[in-house]
Amino acid sequence: MKPWEVVIGIETHAQLSTRAKIFSGSSTAFGAAPNLQANAVDIALPGVLPVLNKGAVECAIRFGLAVGAKIAERSIFARKNYFYPDLPKGYQISQYELPVVVGGSLAISVGEREKLISLTRAHLEEDAGKSLHEGAGQQLHGRSGIDLNRAGTPLLEIVSEPELRSAAEAVAYARTLHALLRWIGICDGNMQEGSFRCDANVSVRPIGQAQFGTRREIKNLNSFRFLQQAIEYEVQWQIATIEEGGRVEQATVLFDPDSGETRAMRSKEDAHDYRYFPDPDLLPLLIDRPWVEQIRSQMPELPLAKRDRLIADYGLSAYDANVLTTSLELADYYEATVAAAGKANAKTCANWVMVDLAARLNKEDREIGESPVAAEQLGALIARIGDGTISTNIGRKIFDALWNGEGSSPDEIIFRQGLQQISDSSSLEALLDELLAANPAMVAEFRAGKEKAFNALVGQAMKATRGKANPQRVSELLRKKLG
Amino acid sequence: MIEHSLQAMARSLADREISSVELTQLYLDRIVRHNSGLNAFITVDPAASLAQARAADERLARGEGGPLTGIPIAHKDIFCAKDWLTTCGSKMLSNFVSPYDAAVISRFGEAGAVMLGKTNMDEFAMGSSNETSFYGPVRNPWDGSCVPGGSSGGSAAAVAARLAPAATGTDTGGSIRQPAALCNLSGLKPTYGVVSRYGMIAFASSLDQAGPLGRSAADCAILLNVMAGFDDRDSTSLDRQREDYCRELAAPAGNKPLAGLTIGLPEEFFGEGCSAEVTRLVEAAIAEYRKLGAETVAIRLPSMGLAVAAYYVIAPAEASSNLARFDGVRYGHRAADYRDLTDMYCKSRAQGFGAEVKRRILIGTYVLSHGYYDAYYLQAQRVRRLIARDFAEAFRQCDVILGPTSPSTAFKLGEKAADPVQMYLSDIYTIAVNLAGLPAISIPCGFASGLPAGLQLIGNYFSEARLLHAAHRYQQENPWHLQHPDGFA
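**Student:** So what exactly am I meant to see when it comes to empty space enclosed by the protein here?
**Tutor:** Using a probe with the size of a water molecule, rolled over the atoms, empty space left in the structure can be pinpointed. All names here are of chain A. Inspection of the entire model under this criterion finds 4 cavities of 30 Å³ or more. Around the largest cavity, the lining comprises 20 residues; the ones closest to its centre are Val41, Asp42, Lys89, Glu126 and Gly152. Its residues assigned to classes, the lining of the largest cavity shows 11 nonpolar, 2 polar and 7 charged. Within this model, the second largest cavity holds a volume of roughly 100 Å³.

**Student:** Looking at this model, I keep getting lost on the interface of chain B and chain A. Mind explaining?
**Tutor:** For an interface, size is often stated in terms of accessible area lost upon the parts coming together. The interface of chain B with chain A comprises 37 residues on the first partner and 30 residues on the second. For the chain B and chain A pair, buried surface summed over both sides reaches about 2700 Å², with 59% attributable to carbon and sulfur atoms. Taken together, chain B and chain A are joined by 1 salt bridge. Its salt-bridge partner being B:Arg197, residue A:Asp281 comes within 3.1 Å of it at the nearest N-O pair. The tally of links between chain B and chain A comes to 17 residue pairs in polar contact (both at pLDDT 80 or more). The leading source of residues in the side of chain B that touches chain A is helix α9 (residues 307-322) of chain B, at 4 residues. Broken down by class, the residue content of the side of chain B that touches chain A amounts to 19 nonpolar, 10 polar and 8 charged.

**Student:** Please clarify how a nonpolar patch on the surface should be interpreted in this entry.
**Tutor:** Residue and element names in this part refer to chain B. A cluster of nonpolar residues, Leu238, Tyr461 and Phe462, forms a patch on the protein surface that exposes about 240 Å² of accessible area. Relative to the assigned elements, phenylalanine 462 resides in the loop between β11 (451-459) and α15 (464-477). Residue phenylalanine 462 is classed as partly exposed on the basis of its relative accessible area, which comes to 31%.

**Student:** Got a minute to help me understand the pairing of strand β4 (residues 77-81) of chain A in this structure?
**Tutor:** In regular strands, side chains alternate between the two faces of the sheet. Residue and element names in this part refer to chain A. For β4, the buried fraction is high: 5 of the 5 residues fall into the buried class. The alternating pattern of β4 places Phe77, Arg79 and Asn81 on one face and Ala78 and Lys80 on the opposite face, and all of these are buried. Of the strand pairs in this sheet, β4 and strand β16 (residues 277-278) are connected by 2 bridges, and their pairing is antiparallel. Bridging across to β16, arginine 79 finds its partner in phenylalanine 277.

**Student:** Explain the pairing of strand β2 (residues 72-76) of chain B here, please?
**Tutor:** All names here are of chain B. Taking burial as the measure, the 5 residues of β2 include 5 buried ones, the bulk of the element. Burial along β2 is two-sided: the face carrying Pro72, Ala74 and Lys76 and the face carrying Ile73 and His75 are both buried. In this structure, β2 lies alongside strand β3 (residues 114-119), joined through 5 bridges in parallel fashion. Across the sheet, isoleucine 73 pairs through a bridge with methionine 115, a residue of β3. With helix α4 (residues 103-110) bridging β2 and the parallel β3, this β-α-β connection has right-handed handedness.

**Student:** Hey, could you run me through helix α10 (residues 392-403) of chain A in this one?
**Tutor:** What sets the pattern is the α-helix's 3.6 residues per turn: residues three or four places apart point alike. All names here are of chain A. With 12 residues, α10 extends 16 Å from end C-alpha to end C-alpha; this agrees with the ideal 16 Å at 1.5 Å per step. Those residues of α10 not exposed but buried are Ile394, Gly395, Ile398, Phe399, Ala401, Leu402 and Trp403. Packing partners of the buried residues in α10 comprise α8 (346-363), α9 (375-386) and α11 (410-417).

**Student:** What am I meant to see in the pattern of salt bridges here?
**Tutor:** Pairing of side chains with opposite charge becomes possible as their charged atoms draw close. One pass over the structure, following the stated rule, counts 57 salt bridges over all chains. Between A:Glu293 and A:Arg296 there is a salt bridge, and its shortest N-O distance comes to 3.0 Å. Residue A:Glu293 and its partner A:Arg296 are located together in helix α4 (residues 289-297), separated by 3 residues, close to a single helical turn. A:Arg296 sits in the partly exposed class, given a relative accessible area of 41%. B:Glu356 is the salt-bridge partner of B:Arg360, the closest N and O atoms lying 2.8 Å from each other. Pair noted here: B:Arg360 and B:Glu356 are both in helix α11 (residues 355-368), with a separation of 4 residues, about one helical turn. Across this residue pair, the class does not change: B:Arg360 and B:Glu356 are buried.

What counts as what
- Residues numbered from 1 in each chain as written.
- Chains lettered and ligands numbered in written order.
- Predicted model: local features only at pLDDT ≥ 70, side-chain atom pairs only at ≥ 80, totals over all residues.
- Heavy atoms only, no water.
- 1 Å grid on protein atoms, 1.4 Å probe; cavity = no way out; pocket = protein on both sides within 12 Å on 5 of 7 lines; lining within 4 Å.
- Points joined across faces, edges and corners; volume = space filled by probe spheres on them.
- Nonpolar A, V, L, I, M, F, W, Y, C, P; charged D, E, K, R; others polar.
- Contact = heavy atoms within 4.5 Å.
- Buried area = accessible area lost by both parts, 1.4 Å probe.
- Salt bridge = Lys/Arg side-chain N within 4 Å of Asp/Glu carboxyl O.
- Polar contact = N/O pair within 3.5 Å; in protein donor to acceptor, adjacent residues only side chain to side chain.
- Helix = DSSP H or I, 4+ residues; strand = E, 2+ residues; numbered from the N terminus.
- Patch = residues over 30% accessible without salt bridge, like charges linked within 9 Å, V, L, I, M, F, W, Y side chains within 5 Å.
- Areas by Shrake-Rupley, 256 points an atom, 1.4 Å probe, with all protein chains shown as cover.
- Buried < 20%, exposed > 50% of the residue type's maximum accessible area, 1.4 Å probe, protein only.
- Pairing = 2+ DSSP bridges.
- Right-handed = clockwise from strand over helix to strand, strands pointing away.
- Expected span 1.5 Å × (residues − 1).

Written out as structure tokens, the structure reads:
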């Protein structure tokens, strides 16, 4: 069997988190009853006109800045003409020849390997409505319904160069892009609601061949798992087809999650002629430098920069820094925790956030933003562990108390419940003297060389103080007394 | 009363010599008497009009009237008006009652004007004779066997026969000016972007502009004061300081009121293609302008010969896309029987659109198609820039450009209906103005064999006030515009 190389490029449609639609004032909120969020412009009454929502342009600029792309000073909205019942105007307003974002790149990691994927462009366009068919909870009495709530929702279509070489790379790209869009606050990333959808252009060629093979485009993949499965199926299908002497024809295909297969929807011959031309209802989109600079000044630190800074400033491992920068909310939470705990406790903070907090959130199926324990509370708690006021175990109890809303700050709980660690020699020595006097047998065993007896004595001391004794101090003093 | 200027009518209303209800009823009666012969109106709704008239009378009684309060105005049926049938002259919209008001309708409403009815027009404004209307042709009040021009033919016939004191129109390639010329009216196409297109059913978005059709330039100025203004619902609307288009009309006339005005006479407008009688009347008007103090200078507009060809690429291209929304899905005509979605589209559109609309959709679809786009659409856009440059060059030598509005007086019904190219050439002098986005006015300049002829004054961007002034001064000395057709007592 010849060795094959897989070539994948991805087009992503990301719904932008603007309150209003891209060319009308209607709400973009998801889930309203059909057609309640469609105004005269959205349903394309005779005589209505589009007016560009500047918020959507700002989202595009944010994206362009985040991927190091060129923000076009002048871009053009065009009409893509085709008939479909959920396309009220008979054309979609989209950018064609001159898009708002040109170039840029996205760094992805696959395993230990990092790879920079070039982006071709990103352009603004409007979403179509939805056709509702019988079944799936619809009662349409044998007819089809049209819901135009989604019509006019702003989309950013992001196109990668064909630089992805496996399904795993494609998924890594999609995940990284998804995280970035959420990070910069321009897309809620809700894939079930269709906020983030991918089309994958897939082809194969013998390794070493310069020319691309014929590609097929898998449409509308709305989960990372489907993206992976669809590409894997498509790749093996294309290879099998060629190896059996067949030819891959350019086509648009759909992925059926039930069968796990891709199926041709239309071939190149019946490809639409969309008759693109500049929309005369909209002026060219002009973006001046001051606007871009103003948006740049409001951009959050980007994931890669933040990761590198966490490593450099807090001495975190690359692994920890990667985990903590999977979302802006998590990274912000971590940094706020460190701010409260002190930089010296940065590593402990990472462990608490990634292990204790994450486990608890996971158990209760909550997002970081829904944590009952605020970063400031967690940081204060870690500070008290760090300065020896409490032990780690007491710390976990206080964390539970905070989680359950049993106190406003760790200090208050420590004070109210008398949980301060006992570290001063005089109290501990008095306690140990009593303990040694009461347990002559254990003392004898220790003297006979049984280290277990020493641990038992420490345990006794901890028990007597309900865990508050500083175990390290107890050990030191005990050895001295027994020494 | 029906020969009162708008200003005089407003004075009579303000002085309570006549109420708006009486005035409106007067015109409604005239419509009942004369519309069946002319077919100028598609819809009248006396109850709705009289309700507006009563509201206007209350406003007038409070002394809060403006220049148009209580005056009935006819609107071309291309403007969406809330709760009014809005057909655009098409079977496709024969059942469409608009749920909203166009910007132009709102502005007249705010001014207290009374909506008198919706006027007939070429289907989707595609035509120069008003013969493409689903509602039948309009007849020219000056000669019932002739067309009134188009596409704003219903508005022009209504005002010419005094079935309305004034009307609105739209002009994509001459659709205000040419019917004005053929019906002895004054009609202004403003600079592109001066009047909001919101709610005006689009034919060719980059060319469409609404404007007034009146009995005089002074009436047009009053109407434009209401129509013009920025609208944030139209991205091509221009956000500029409001101006009073009447401001130059009241200035003391003197003996040479147009001294200092340089009029450019393009040789391309005075050659072959224009009838001898129209040429003669326009040349007589030029002599009158010289008497008023204007100077004339010969100019050239070398790309003019390409205008009609470029227009008939750009306008159908935009129309083919603009009319895609008429698909029978959400409103408008839907075929009664169909097999599937494609069949529904095909039948609904085949039944809903007339021949001229289909012709332009086909042309537009063709010129935008893959492989033809560069040769047709892009080439036409290049020509468009050349034409705009010609005008820019010309306006370095003159203040306004003067020529005929239409190459002939009104032609017979059916005379050009079978020959689209002949029909398209009737807009040969008006089309370039739309391609360049300039303002222009047509005013009456005399009669040939009993039919009116019009002259066109073209100005630089935003020179509406100057055009209206130049037209008004001519009309003060040459009152062709006061003549009205017989038979509409």
